[in-house]
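# Fold and geometry: a report
Each chain is listed here by its residues.
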Amino acid sequence: GDARPEYEALAHHFKTLAAHFDFVLDDALEQDLTLVAASFEAIDRYVDATPDASQRQALSRAIVDRLRGREGAFEMPGPLAGRLHMLLARLLEGDIAPPFADELARFFEVSERLRTTSRPEVFVLCVLGEARCAAEMMLLVTARLRVARFTRFFLVLSEVANLTDKLHDVREDHRRGEIAVRPGVALHGR
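Residues numbered from 1 in each chain as written. Predicted model: local features only at pLDDT ≥ 70, side-chain atom pairs only at ≥ 80, totals over all residues. Heavy atoms only, no water.

### Here's the deal with the packing of aromatic side chains
Within the structure shown, the criterion is met by eight aromatic pairs. With 5.2 Å between their ring centres and 80° between their planes, Phe14 and Phe150 make a pair best called edge-to-face. Taken together, the residues span a long stretch of sequence, with Phe14 in helix H1 (residues 5-19) and Phe150 in helix H7 (residues 148-175) at a distance of 136 residues. Like Phe150, Phe14 is buried. On the numbers, 5.0 Å between centres and 35° between planes, the contact of Phe21 with Phe153 is tilted. Here the residue Phe21 occupies a position in the loop between H1 and helix H2 (27-48), and Phe153 occupies one in helix H7, the gap between them amounting to 132 residues. For Phe153, a relative accessible area of 29% translates into the label partly exposed. Aromatic rings pair up to connect Phe14, Phe21, Phe150, Phe153 and Phe154 into one cluster. (Phe/Tyr/Trp six-rings, centres within 6.5 Å; stacked < 30°, edge-to-face > 60°. Helix = DSSP H or I, 4+ residues; strand = E, 2+ residues; numbered from the N terminus. Buried < 20%, exposed > 50% of the residue type's maximum accessible area, 1.4 Å probe, protein only.)

Structure below.
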């Protein structure tokens, strides 16, 4: 399916932010970023909807394997498989599939730790780690135009945005049993 609006907006806002750093994205690169954002959304939707940790890890491994060009026995949902196929074609075209898949594997590891930790300091570090991984994947797609000042800015902005989003959702996520950390003063203070 189509990406949720906030994911699609990510690619468009990336272009606007980058322009302030004399980092110009052409239409083709903006389309690539839109594809990456839509792929993140599809991955997020399916992984988050998998409540069992072992099944979630199997799905995560299958996604990473698919981006490494390996087909496994895992039954990939049709819309997700289609999105990954389009993403892999783009990553192969840019010769960035291996580092992208490695970064996604790190993202999944950090996300799983985020789900299971009850320690506020670890939770916050994982939120920041998730953001760095996601930002690095976006930056890989734009590597040929990488500008050092923008890269640093985008990494920090990604961390702040992810932390704000997670803290906004933390009570509901805990209530649904999606995370182990308890919302409260200790977590928000961290």
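### Considering H7
Over its 28 residues, H7 extends 40 Å from the first C-alpha to the last, a length consistent with the 40 Å expected when each residue adds 1.5 Å. The largest bend along H7 reaches roughly 55° and is located at Asp169. Where H7 terminates, the next one or two residues include Gly177, which has phi positive at roughly 80°. (Expected span 1.5 Å × (residues − 1). Bend = angle between axes of the 7 residues up to and from the residue.)

Don't take any of this as a statement about function, it's just geometry.
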